[in-house]
Amino acid sequence: MLKAVHPTDGSDALGDRLPVTIRIGPDGRVYFHDVTAEMLPIALALSPDDEGLKQRLAAASAMLDGPAGANARLGRPPHASPELCP
Amino acid sequence: MLRACTFCERRCGVDRVAGNAAPCRLDDQTWCFKRHVSFAEELELLPSYMVYLGGCNFRCRFCVQAPTCFAPRIGTRVEAGQAARDFERLVGTGARTINLLGGEPSLHLHTILEIAAEAAEPLPLVLNSNMYMTPEVIALLNGVVGLYLADFKFGSDVCAASIAGVDRYVEVVTRNLLLAGAQAPLLVRHLVMPGHIECCLLPVAEWMAAHLPDVPFTLNTGYVPAWRAAASSDLSRTLTQDERDRAEAIVARLGLRRAA
């Protein structure tokens, strides 16, 4: 279990840290629980063709950094429209 | 209703205002044991501010939030006005939905109604529920909840009783899905459990196809044996690839509308 920095206001039961559980199954599958925005790139690195993860990362980046941040994380031009969820 | 609780179909009648703990262990207080912004929900909900309210009327052996979610007072006590401001702040910073979960959030109906009343503007509230509430609760949530995110966990009362400790599961939940879906947008999830495709997924999917074919359906094949499932002989493993394939085939054959 990792202790990730709380992405919002630090008011969860455990103080300013959010427990993030990552399980690796016997078949090699990786399961994230309570994954934070900052950890989405790690999940995407494990599954780089996952379109759903790409859209989640774009949504996260748009919230945290604005559209430029979203595009930077996706390797797109700064002014491209981020792939926000519909 | 809190004086003789009928929030869920256990209808225990406990006076929660008097401080008597119901079978769910809750009195009239609401506590939040965790909250964070999630990007793991269905895309249409993102970013989603997850607010975990303590206390549950189920005891699912595989619960990934257990045992913390069963405790009535872990974390911070929810005060309606303060929560409304908190939710408004998150919406202001880009959260598309406020996702109330737990535990079982419908056990905190009184607090949810107070928060909604305290908010200056309607909040984009999502009720992520096991759908074991009474029809009275659904009626009171009319106009308050913007979307029901329903966990349709079991296709058989035998499995529901064995795994979650609840009775009349199928009757109650199917009734409530129809009531909730007539009142607000609905999204239904099913977590596929190992060895429970024919008894649970299949009847769930067939019921959805027959009664709510246009409702988005999320098939979750990411089961992990959390909490007591790890020590249960029947639930102590992840799904096999064959089970994943069969689950996907059932949903595809029945033509369910998949959520993104």
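Keep in mind that what you see is a predicted model, and the values were worked out from it rather than measured. Along each chain, the written sequence defines residue order, and numbers are assigned to residues from 1. Throughout, the order in which chains and ligands are written sets their labels, letters from A for the former and numbers from 1 for the latter. With pLDDT at 70 or above as the cut-off, local features in this predicted model cover only qualifying residues; side-chain atom pairs require 80 or more to be listed or tallied, and sums for whole chains, interfaces and linings still use all residues.

J.: Can you lay out the overall build of chain B for me, pointing to particular residues and giving the numbers?
T.: Numbered from the N terminus, helices here are DSSP runs of H or I no shorter than four residues, and strands are runs of E no shorter than two. Helix and strand content of chain B: seven helices and eight strands. The C-alpha atoms of chain B give 18 Å as radius of gyration, which agrees with the globular expectation for 260 residues (18 Å, within 12%). Each principal axis of the C-alpha distribution contributes one length, and for chain B these read about 50 × 35 × 30 Å. By the burial criterion, 50% of the 260 residues in chain B qualify as buried. Working definition of a contact: two residues with C-beta atoms, positioned from the backbone, lying within 7 Å. By sequence separation, contacts in chain B at least 24 residues apart represent 71% of the contacts at least 6 residues apart. We take the radius of gyration over the C-alpha atoms and set the globule estimate at 2.2 Å times the residue count to the 0.38 power. Buried residues are those with 20 or more other C-beta atoms within 10 Å of their own C-beta, exposed residues have 12 or fewer, and partly exposed residues lie in between; C-beta atoms are placed from the backbone.

J.: Run through the overall build of chain A, naming residues and quoting values.
T.: Counting its regular elements, chain A contains three helices and three strands. Across chain A, helices and strands are ordered from the amino to the carboxyl terminus as β-β-β-α-α-α. Per-residue burial over chain A gives 23% buried out of 86 residues. Looking at chain A alone, contacts between residues at least 24 apart form 19% of all its contacts between residues at least 6 apart.

J.: Tell me about the nonpolar core, residues and numbers included.
T.: Here a nonpolar core is just a set of buried residues of the types Ala, Val, Leu, Ile, Met, Phe, Trp, Tyr and Cys, joined wherever their C-beta atoms sit within 7 Å. Ile 98, Leu 100, Ala 150, Leu 177, Val 188 and Val 192 of chain B are the most contacted members of the largest nonpolar core, which totals 100 residues. If one sorts the elements of this core by residue count, helix H2 (residues 51-65) of chain A sits on top with seven residues. The residues contacting Val 188 of chain B, other than those within four sequence positions of it, are Ala 150, Phe 152, Leu 177, Met 208, Leu 212, Val 215 and Phe 217 of chain B.

J.: I'd like to hear about the interface of chain A and chain B, residue by residue, with values.
T.: Tallying the contact residues gives 24 residues for chain A and 20 residues for chain B. Sorting the residues of the side of chain A that touches chain B by element identifies strand S2 (17-24), strand S3 (30-33) and H2 of chain A as the ones contributing at least two each. A per-element tally of the side of chain A that touches chain B places H2 of chain A first, with five residues. Looking at side-chain class alone, the side of chain A that touches chain B contains twelve nonpolar, six polar and six charged residues. Classification used: nonpolar for Ala, Val, Leu, Ile, Met, Phe, Trp, Tyr, Cys and Pro, charged for Asp, Glu, Lys and Arg, polar for all others including Gly.

J.: Tell me about the environment of Pro 216 of chain B, and name the residues and values.
T.: Residues and elements named next belong to chain B. Along the polypeptide, Pro 216 turns up in the loop between helix H6 (197-211) and strand S8 (217-220). Residue classification places Pro 216 among the partly exposed positions, given that 17 C-beta atoms sit within 10 Å. Pro 216 has contacts with Leu 187, Arg 257, Arg 258 and Ala 259, leaving out every residue within four places of it along the chain.

J.: A description of helix H1 (residues 80-92) of chain B should follow, citing residues and the corresponding values.
T.: Residue and element names in this part refer to chain B. To estimate the expected span of a helix, subtract one from its residue number and multiply by 1.5 Å. Here H1 is 13 residues long and its end C-alpha atoms lie 18 Å apart, about the 18 Å a rise of 1.5 Å per residue gives. When H1 is considered as a whole, its buried residues turn out to be Ala 83, Ala 84, Asp 86, Phe 87 and Leu 90. Axial view of H1: buried residues confined to an arc of 160 degrees, hence all on one face. In H1, the exposed residues that point more than 90 degrees away from the buried face are Gly 81 and Gly 92. It is the directions from the helix axis to the C-beta atoms that the arc portrays.

J.: For the sheet that holds strand S1 (residues 31-38) of chain B, give the residues involved together with the corresponding values.
T.: Residue and element names in this part refer to chain B. A pair of strands is considered paired only if DSSP assigns at least 2 bridges between the two. Here we have eight strands laid out as an open sheet, ordered S3-S1-S2-S4-S5-S6-S7-S8, and mixed in their pairing. Pairing within the sheet leaves two strands with one partner each, and these edge strands are strand S3 (76-77) and S8. Bridging between strand S2 (residues 48-53) and strand S4 (residues 97-101) involves five bridges; their strand directions are parallel. By the bridge assignment for S4, Tyr 52 is matched with Leu 101. In this description, a line fitted to the C-alpha atoms serves as the axis of each element, helices being fitted only across the stretch in contact, and the angle between N-to-C directions of two axes falls anywhere from 0 to 180 degrees. Where helix H5 (residues 169-183) meets the sheet, it contacts strand S6 (147-151) and strand S7 (186-191), and its direction lies at approximately 145 degrees from that of S7.

J.: Please provide a residue-by-residue account of helix H4 (residues 157-164) of chain B, values included.
T.: Owing to its 3.6 residues per turn, the α-helix brings residues three or four apart onto one side. Residues and elements named next belong to chain B. Among the residues of H4, Cys 159, Ala 160, Ile 163 and Ala 164 are the ones counted as buried. Projection of H4 onto a plane perpendicular to its axis shows the buried side chains occupying an angular sector of 100 degrees, all on one side. Against the buried residues of H4 lie H5 and H6. Backbone geometry just downstream of H4 places Gly 165 in the positive-phi region, at approximately 75 degrees.

J.: Residue-level account of the confidence of the model for chain B, with values.
T.: pLDDT is a per-residue confidence score from the predictor, ranging from 0 to 100. Taken residue by residue, chain B gives an average pLDDT of 95. The fraction at 70 or more is 100%. Here the predicted complex carries an ipTM of 0.77, next to a pTM of 0.89.

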